[in-house]
Amino acid sequence: MKYEYDEEDKYVSFHEDDDELDTIRIPLPRLEEWYSHHLNREVTREEALTYVDGYGLNPKDQKFQYQETPEKIKLIYEVVFNKKHETNKSKYKEVGDVRLEDIYEEIESNQKYYSMEIEWIKLQIKRRYVGYWCFIKGKPTYINGANYFFLNFWTVKNFGKNNNRPDYRDYQRKMFHLFMYAYTTEDAFYKHRVFYRQDGVVKTRHSNQDTKNVVEDMNEMNVEYYIEPNVNVTVSKGKRTVHGINFVSGRRIAKTAIACCFCTWGTLNMPDQTFIIQAMNEDQAVNKIFIKQIQTPVSKLPFFFRPHYRGRIEAKEGLRFQYEGAIASAARAGIIPEQMECFITPLPSTEKAADGEAEIAFVYRDEPAKKTDAKAADQNIPTWWYNTMKPAIERGENIRGFCIMPSTVGDMDTGGGAQFFDIANDSHFSDRNENGTTPSGLINFFLPGYYAVEGYIDEYGASIIDDPKEPVMSNEGKWITKGAKSYLLNQADYFERKREWQKLIKLQQNFPMTWKQAFAVIPKDMGMPIEKMRDRISELKFSRTPISTKINFKWAGDKFGGDVYVENDPKGSWTMSYLPPNEMRNRRTVVTMEEGYIPPKEKGPIYAPDPSVMNKFFLCCDPVKFHKRNTVGKKKSNAAAAVFYKRDSQVDPDNKPRNEWVSNDWVLIYNRQTEDKAEYHEEWLKAAVFLGAYVYPEWPDGEALVEYFRDNGFDGYLLKDLGSDGKQDVRPGVWAGEAEKNEMAGDIMTFFNNNVKYVKMWEIIEEWSQMRGLDDLTNHDLCAATGWCMRAIKSRMPDIYKEVYQPIEITGGFTMFDVE
C-alpha cells in the first residue's frame with residue numbers, strides 16, 4: 001500500500017508568539033535538493049522519499065528509530081582482549097586494557113569479516129557531519145548532524161530507557177537547528193540600503209544607523225547618493241556573525257546535556273580546538289558539568305567517535321585528545337594520522353580564568369543568570385563576557401569560537417539575573433550595529449516552559465501544548481485530554497487566587513511562558529499591589545525605548561560649588577527620567593545666619609533653593625552605615641538617594657492626561673557601592689544644586705552628609721521638619737524609628753496602589769517588590785531613599801520658606817482722589 005506523505009518543514013521558527021523577542025526563522029534543507037547534493041546527481045522528490053528512513057510505513061507507525069550497534073562491534077573489545085591476552089598476559093589483564101589502536105588493527109586486518117560493520121561505521125560518521133532524514137508521523141524530517149550524534153551516541157540519565165540515550169523530542173530537534181545556525185551563519189541584518197556613485201562607479205552600502213547619521217556620512221563623502229530606508233535586508237558577510245547564544249528556558253529542557261553535547265561534537269570535528277567549561281564555582285564546573293555531562297558521555301562513545309586521549313579518561317583536570325608513547329612517534333613518522341590536539345577543560349569561575357588560554361573554540365557557561373552561590377558573590381557576568389571571553393573567541397573581525405550560556409533565570413534580587421539581563425538587552429536578534437552583529441555578539445533564544453512539561457509529550461516526540469481536539473497518546477502510554485499550557489495556567493490561577501505570589505513567580509521561572517516571565521522577581525508580602533507592580537516592572541524593563549537614562553552630574557568649568565550640567569553616560573552614577581528645562585536648572589538664592597542658617601567655615605555665602613524651584617524636588621537619601629557594615633579590604637557598602645518631583649500643577653494641570661505627567665514621581669535615583677563618603681556626598685550636592693532640591697537624609701547615619709553640606713555653604717538645601725509644637729526641628733531629615741518606618745511603608749503602599757502604573761523607573765518598583773518586611777529595610781537602601789520621599793513631600797517647611805523668600809508682586813494701579 002502506498003501512503004500519502006506530508007511535505008517537509010521549510011523552516012523552524014522561534015519567538016513568534018512573544019512580543020518582547022524578535023522572531024527567528026531558520027531555513028531547512030529541501031528533501032530532493034539535499035539528496036541531489038550528497039549523491040552528486042539530480043534526484044527527484046519521488047526518489048528522495050524512498051531514501052528517507054521509515055518510507056513505506058503507515059504514518060501512524062513512523063517514529064524516530066535509534067541506530068542499533070552491530071553485534072560484531074559490540075563484542076569487538078572482548079574479541080581483541082581475548083586475542084591479546086593469549087599473547088601478552090602481563091599487559092592485557094582486563095578488557096579495559098584494550099587500546100584504540102588495537103581495535104583499528106583488528107578491523108584492518110579482518111576487513112572482509114567486518115565489511116558490513118565498516119559500512120555501518122562510515123554511515124554513522126557521515127551522518128554525524130551532514131545529518132539524517134527520517135519519517136515522523138508521515139512527514140520527512142531532517143535531523144542535523146549534532147542532533148543525530150546526541151540521540152544515538154550521547155549518554156544521559158534516562159532510567160535505562162533507550163540504553164540511556166535521550167528520548168526524541170521535536171523541540172530539541174528545533175533547538176539543534178538554532179544552535180547550528182548560530183554557530184555557522186554569516187548573515188548580517190541592516191535597516192537601510194544606500195546607493196552612491198564614487199569615481200564613476202555605482203556602489204552599495206548598508207547601515208543600521210539613524211537615517212540622519214547616514215545622510216551626514218554620505219555628505220562627508222561628498223558623493224551623489226540615494227537612501228532606501230527601512231528595507232531590512234539580509235547580507236552575507238562571508239564570515240561568521242554570531243558569537244553565541246543566551247539560552248533562556250525553564251527546567252527539564254535538557255539544555256545542559258544538549259549544550260555540552262553540541263560543544264563536544266564541534267570540538268571533536270576538527271583538530272586544535274579547545275572547549276572550556278565555567279560555572280558558579282570551580283567545583284560545579286568539574287563535578288556538575290564536566291564529569292557528569294561531558295566526561296561520562298565521552299567515555300561511552302563508540303570507539304570510532306572517540307579520538308585517542310592522553311592519560312585517564314576519568315581525570316578531573318579535563319580531557320586531552322593527544323597521542324603518547326609509541327603512537328606519538330608513529331604519528332611523527334607519518335605512519336598514522338596526526339593527533340587531534342583538542343582539549344576539554346573545566347576552569348575556575350573567576351573572570352580572568354580564561355586569560356592566556358589557547359584559541360578557544362567552544363565555551364559553556366553554566367547558569368549565568370543564577371548567582372546563589374556564596375563563592376560566586378564577586379563575579380560580574382557582563383565584565384566576564386565583554387572583557388575576557390568575547391575577546392578570547394574572536395580575532396579582530398573574525399569570530400573563531402562559540403559560546404553557549406544556558407540559564408533558568410534566578411531570583412533577580414540575587415544579582416545574577418539582573419547582570420544577565422544587561423547582556424540579554426544587548427543581544428536582541430534584530431538589533432544590529434554597523435558590523436551586522438548584535439552589540440554583545442550573542443543572540444537571545446527563549447524556549448517557553450510549556451514545551452517540556454513531563455507527561456505532555458506525545459508518542460511521536462511532539463509537545464502537547466494546546467488542548468487537543470481528541471485525546472492524544474503520550475510517550476508514557478497515557479491518554480492526554482488537555483495541553484501543557486492549560487496545566488500550567490491552572491496552577492498559576494490557583495496561586496493567584498490564594499495570593500501566593502512567591503509560589504506563582506517560582507512556577508513562572510521554572511516554566512516561563514514568555515520572556516518576561518523568565519525574568520520575574522519574587523515579591524515579598526508587604527501589602528503591596530504586587531500584580532500592578534509586576535505588570536509595570538515588565539512593561540518598563542522590556543521596552544525597546546526606555547524612558548529613563550544613565551547620567552552623570554558635572555561642575556561647569558570644573559568649578560566646585562558652581563553651576564551643574566548633565567552628561568549622558570551608559571555607566572553613569574544616576575538614573576534620570578526627567579530633565580527640567582534650562583530656566584529651571586541651577587536656581588539658588590542666598591540666605592543669612594540671622595534666618596537660622598549655619599554658615600560654612602570660611603564664612604562665605606549660604607545657599608538655598610530659589611523660590612522659583614522651591615518645594616518641587618526632594619532628595620532623600622540613605623547614607624552608608626560604615627559603622628554597621630563590614631568594610632574590611634575591598635568590601636563596599638551601598639549609598640542610595642532618590643529625588644521625588646512633587647505634584648506640580650503648573651506643569652501637570654488637572655486636564656492633562658495622568659500618563660503624561662512628569663511630576664508626582666521619582667525622577668532621579670542613585671544606588672552605588674562605595675568605600676568613601678566623598679564618593680556620594682559630592683554627587684548628592686551636585687544633584688541638589690542642579691534641581692534646587694531639598695535634601696532629607698535618614699538618621700542616625702546622616703550626620704556626615706549634613707556637615708558636608710554646611711561646610712560647603714549649602715545649609716539652606718537641608719530640609720528640617722516642623723514639629724507638632726510648631727517649631728522647626730534642629731536636625732535635618734528623619735530619624736528612622738519604628739513609628740516613622742511604619743508610616744513611610746503605609747505611604748508607599750498607598751502611592752503604589754494609586755500610581756505605580758505611572759512610575760518611570762522599574763528599579764524602584766522592583767526593589768520594593770523584593771522587601772520581606774520592614775525589618776528588611778536595612779538590606780534595601782533604595783527602598784529607604786525612595787520611601788522617605790513620601791515623608792519629605794508632606795513637610796510644611798518648604799511652603800513657609802517660599803512665603804518668606806517669594807517677592808511680593810503688586811498688580812494693577814492706584815486710584816487718585818482729592819482730599820477736601
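Residues numbered from 1 in each chain as written. Predicted model: local features only at pLDDT ≥ 70, side-chain atom pairs only at ≥ 80, totals over all residues. Heavy atoms only, no water.

Below, the discussion takes up the confidence of the model for the chain. Residue-level pLDDT values for the chain average 87, and 90% of them are 70 or greater. Every residue in residues 808-820 scores below 50 in pLDDT, and together they form 0 contacts with partners more than four places removed in sequence or on other chains. (pLDDT = per-residue confidence, 0-100. Contact = heavy atoms within 4.5 Å.)

Right, let's get into empty space enclosed by the protein. On inspection of all chains with the given rule, the structure shows 2 cavities of 30 Å³ or more. A volume near 50 Å³ is recorded for the second largest cavity. Per-element accounting of the lining of the second largest cavity gives the leading share, 4 residues, to strand S4 (residues 139-143). Looking at side-chain class alone, the lining of the second largest cavity contains 5 nonpolar, 1 polar and 4 charged residues. (1 Å grid on protein atoms, 1.4 Å probe; cavity = no way out; pocket = protein on both sides within 12 Å on 5 of 7 lines; lining within 4 Å. Points joined across faces, edges and corners; volume = space filled by probe spheres on them. Helix = DSSP H or I, 4+ residues; strand = E, 2+ residues; numbered from the N terminus. Nonpolar A, V, L, I, M, F, W, Y, C, P; charged D, E, K, R; others polar.)

Another point: the sheet that holds strand S12 (residues 319-321). Whether parallel or antiparallel, the strands of a sheet pair through hydrogen bonds between backbone atoms. Sheet architecture is open: 7 strands sit in the order S12-S13-S11-S14-S17-S10-S18, paired in mixed fashion. Single-partner strands in this sheet number two, and they are S12 and strand S18 (442-447). The mean inter-strand angle of the sheet, taken between neighbouring strand axes irrespective of direction, is 10 degrees. Sheet analysis places strand S10 (residues 244-249) next to S18, joined by 6 bridges and oriented parallel. Bridge assignment links Phe247 to a residue of S18, and that residue is Phe445. Where helix H10 (residues 255-267) meets the sheet, it contacts S10, strand S11 (274-278), strand S13 (342-346), strand S14 (360-365) and strand S17 (402-407), and its direction lies at approximately 170 degrees from that of S14. (Pairing = 2+ DSSP bridges. Axes fitted to C-alpha atoms, helices over the stretch in contact; angles between N-to-C directions.)

Moving on: H10. Compared with the 18 Å implied by 1.5 Å per residue over 13 residues, the 18 Å span of H10 between its first and last C-alpha is a close match. Where burial is concerned, most of H10 is hidden: 13 out of the 13 residues are buried. (Expected span 1.5 Å × (residues − 1). Buried < 20%, exposed > 50% of the residue type's maximum accessible area, 1.4 Å probe, protein only.)

Looking now at the side chain of Thr141. Relative to the helices and strands, Thr141 is located in strand S4. A polar contact is formed between the side chain of Thr141 and the backbone oxygen of Lys139, at a distance of 3.0 Å. Not counting residues within four places of it along the chain, the set of residues in contact with Thr141 comprises Tyr132, Trp133, Cys134, Ile136, Tyr168 and Arg173. (Polar contact = N/O pair within 3.5 Å; in protein donor to acceptor, adjacent residues only side chain to side chain.)

For the pair helix H19 (residues 678-691) and helix H20 (residues 703-711), interaxial distance at closest approach is 10 Å and the crossing angle is 55 degrees. Classified by the angle their axes make, H19 and H20 are oblique. Crossing of H19 against H20: the hand is right-handed. Along its contact with H19, which presents His681, Glu682, Trp684, Leu685 and Ala688, the element H20 presents Ala704, Leu705, Tyr708 and Phe709. In the contact of H19 with H20, the residues fall into 7 nonpolar, 1 polar and 1 charged. (Parallel < 35°, antiparallel > 145°, perpendicular 65-115°, else oblique. Left-handed = near helix turned anticlockwise from the far one by under 90°.)

A word on the pattern of salt bridges. Here the structure, examined in full by the defined rule, presents 45 salt bridges. Between Glu7 and Arg30 there is a salt bridge, with its nearest N and O atoms 2.5 Å apart. A residue pair is termed long-range when its members are at least 10 positions apart, and Glu7 in the segment before strand S1 (11-14) and Arg30 in the loop between strand S2 (24-27) and helix H1 (31-39) qualify at 23 residues. The class of Glu7 is partly exposed, set by a relative accessible area of 41%. For Arg30, a relative accessible area of 23% translates into the label partly exposed. For the salt bridge of Lys601 with Asp711, the shortest nitrogen-to-oxygen distance reads 4.0 Å. Taken together, the residues Lys601 in the loop between strand S24 (588-591) and strand S25 (606-609) and Asp711 in helix H20 connect sequence positions 110 residues apart. A residue is classified by how much of its surface remains accessible, and Lys601, at 66% relative accessible area, is exposed. Because the salt bridges share partners, they merge into one network encompassing Glu7, Glu8, Arg30, Glu32 and Arg45. (Salt bridge = Lys/Arg side-chain N within 4 Å of Asp/Glu carboxyl O.)

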